[in-house]
Amino acid sequence: RDAQLLEMRRAFEGGFHETLSALGPDGSALEESLALFRELLEKDADNDYVFFWFPHNADELDKLGTDRWKERAIQLQDQREVRAHLDKIDLYFCPFSVLYPRPLPIPTVMTLVDIQEVYYPEFFTLEDRYNRDLYFASSTRIADRVLTISEFSKQSLLQHHHLSSEKVIVAY
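All of these numbers come straight from a predicted model, not from anything done at the bench. (Residues numbered from 1 in each chain as written. Predicted model: local features only at pLDDT ≥ 70, side-chain atom pairs only at ≥ 80, totals over all residues. Heavy atoms only, no water.)

(A) Representation of the side chain of lysine 154. The residue lysine 154 is located in helix 6 (residues 151–161) in this model. One buried charged side chain, lysine 154, makes no salt bridge at all; its nearest oppositely charged neighbour is glutamate 151, positioned 4.9 Å away. Aside from chain neighbours lying at most four places away, what touches lysine 154 is Thr148, Ser165, Val168 and Val170. (Helix = DSSP H or I, 4+ residues; strand = E, 2+ residues; numbered from the N terminus. Buried < 20%, exposed > 50% of the residue type's maximum accessible area, 1.4 Å probe, protein only. Lys, Arg positive; Asp, Glu negative; His and termini not counted. Salt bridge = Lys/Arg side-chain N within 4 Å of Asp/Glu carboxyl O. Contact = heavy atoms within 4.5 Å.)

(B) Quick look at a nonpolar patch on the surface. Together, Val118, Tyr119, Tyr120, Phe123 and Phe152 line one region of the surface with nonpolar side chains, adding up to about 540 Å² of accessible area. Looking at where valine 118 falls in the secondary structure, it is placed in helix 4 (residues 116–119). What makes valine 118 partly exposed here is its relative accessible area of 36%. (Patch = residues over 30% accessible without salt bridge, like charges linked within 9 Å, V, L, I, M, F, W, Y side chains within 5 Å. Areas by Shrake-Rupley, 256 points an atom, 1.4 Å probe, with all protein chains shown as cover.)

(C) Examining the environment of leucine 36 more closely. Residue placement: leucine 36 occurs in helix 2 (residues 28–43). You can call leucine 36 partly exposed: its relative accessible area is 36%. When the C-alpha positions of leucine 36 and proline 95 are compared, they lie 9.8 Å apart, and in sequence the two are 59 residues distant.

(D) Representation of the pairing of strand 2 (residues 49–53) in the model. Along strand 2, five of the five residues are buried, which leaves the element largely enclosed by surrounding structure. Across the two faces of strand 2 the burial is the same, with Tyr49, Phe51 and Trp53 and Val50 and Phe52 all buried. Sheet topology note: the strand 2/strand 3 (residues 74–75) ladder contains two bridges and is parallel. Bridge pairing in strand 3 links phenylalanine 52 to isoleucine 74. (Pairing = 2+ DSSP bridges.)

(E) Highlighting unusual backbone geometry. Here the amide bond leading from tyrosine 100 into proline 101 is cis, since omega sits at -5°, within 30 degrees of zero. Checked against the element boundaries, proline 101 lands in the loop between strand 4 (91–94) and strand 5 (108–111). Omega for the bond connecting arginine 102 with proline 103 falls within 30 degrees of zero, at -10°, which places this linkage in the cis form. Take proline 103: it is sitting in the loop between strand 4 and strand 5. Non-glycine residue serine 97 carries a positive phi angle of around 75°. Mapped onto the elements of the fold, serine 97 is located in the loop between strand 4 and strand 5. Residues other than glycine seldom take positive phi values, yet histidine 162 does so here, at roughly 55°. Within the secondary structure, histidine 162 is located in the loop between helix 6 and strand 7 (168–170). Residue histidine 162 is classed as exposed on the basis of its relative accessible area of 61%.

(F) Quick look at the pattern of salt bridges. Inspection of the entire model under this criterion finds seven salt bridges. Residues glutamate 39 and lysine 43 are paired through a salt bridge, measuring 2.6 Å at the closest nitrogen-oxygen approach. A residue pair is termed a helical-turn pair when its members lie 3 or 4 positions apart in one helix, as glutamate 39 and lysine 43 do in helix 2 at four residues. According to the relative accessible area criterion, lysine 43 is exposed, its value standing at 63%. Between arginine 132 and glutamate 117 there is a salt bridge, with the nearest N and O atoms lying 2.9 Å from each other. A residue pair is termed long-range when its members are at least 10 positions apart, and arginine 132 in helix 5 (residues 126–142) and glutamate 117 in helix 4 qualify at 15 residues. For arginine 132, a relative accessible area of 14% gives the class buried. Looking at glutamate 117, the relative accessible area reads 8%, which means it is buried.

(G) A look at the packing of aromatic side chains. Within the structure shown, the criterion is met by seven aromatic pairs. Measuring from ring centre to ring centre gives 6.5 Å for phenylalanine 37 and phenylalanine 93, while their planes differ by 85°; the resulting arrangement is edge-to-face. With phenylalanine 37 in helix 2 and phenylalanine 93 in strand 4, this pair connects stretches of sequence that are 56 residues apart. The exposure class assigned to phenylalanine 37 is buried, which follows from its relative accessible area of 0%. Take phenylalanine 93: its relative accessible area is 6%, and that puts it in the buried class. What links up through ring pairs into an aromatic cluster is the set Phe37, Phe51, Trp53, Trp69 and Phe93. (Phe/Tyr/Trp six-rings, centres within 6.5 Å; stacked < 30°, edge-to-face > 60°.)

So, in structure tokens, the structure goes:
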């Protein structure tokens, strides 16, 4: 199945959610995602990429340095609108910690860098901890694959989100 995923049309939830609140103060998750998208668009001519995006994120997507993302881009007003376009994609990728909309009847991949709220709860409000626990854990459980940045993050996800080792992929 993994080999099949590599040959499919891909969709990127380029909407960056309604806000960028899941990002660190330096925007590193955004920059890493843009670097990934830029690399794929420049070097992978064998696959089509569909970008779901919101108007307030156009400036960020322009940083990709190529207009190729616009070729099959779909502007959204609400993320639930993705469901109307599933016939155009084979794989749905969410780079920013929460898989939405869900569930989807196609393979899904998401990125969750870490769950630092588990180790440093004092740095998060009660509301932030509640939301992270609710949305991050449920997203990782329903996604077909979860990308993370280190073996420590993987082990944390396995322990706290009760995931199988095969589901979590260390990207670095």
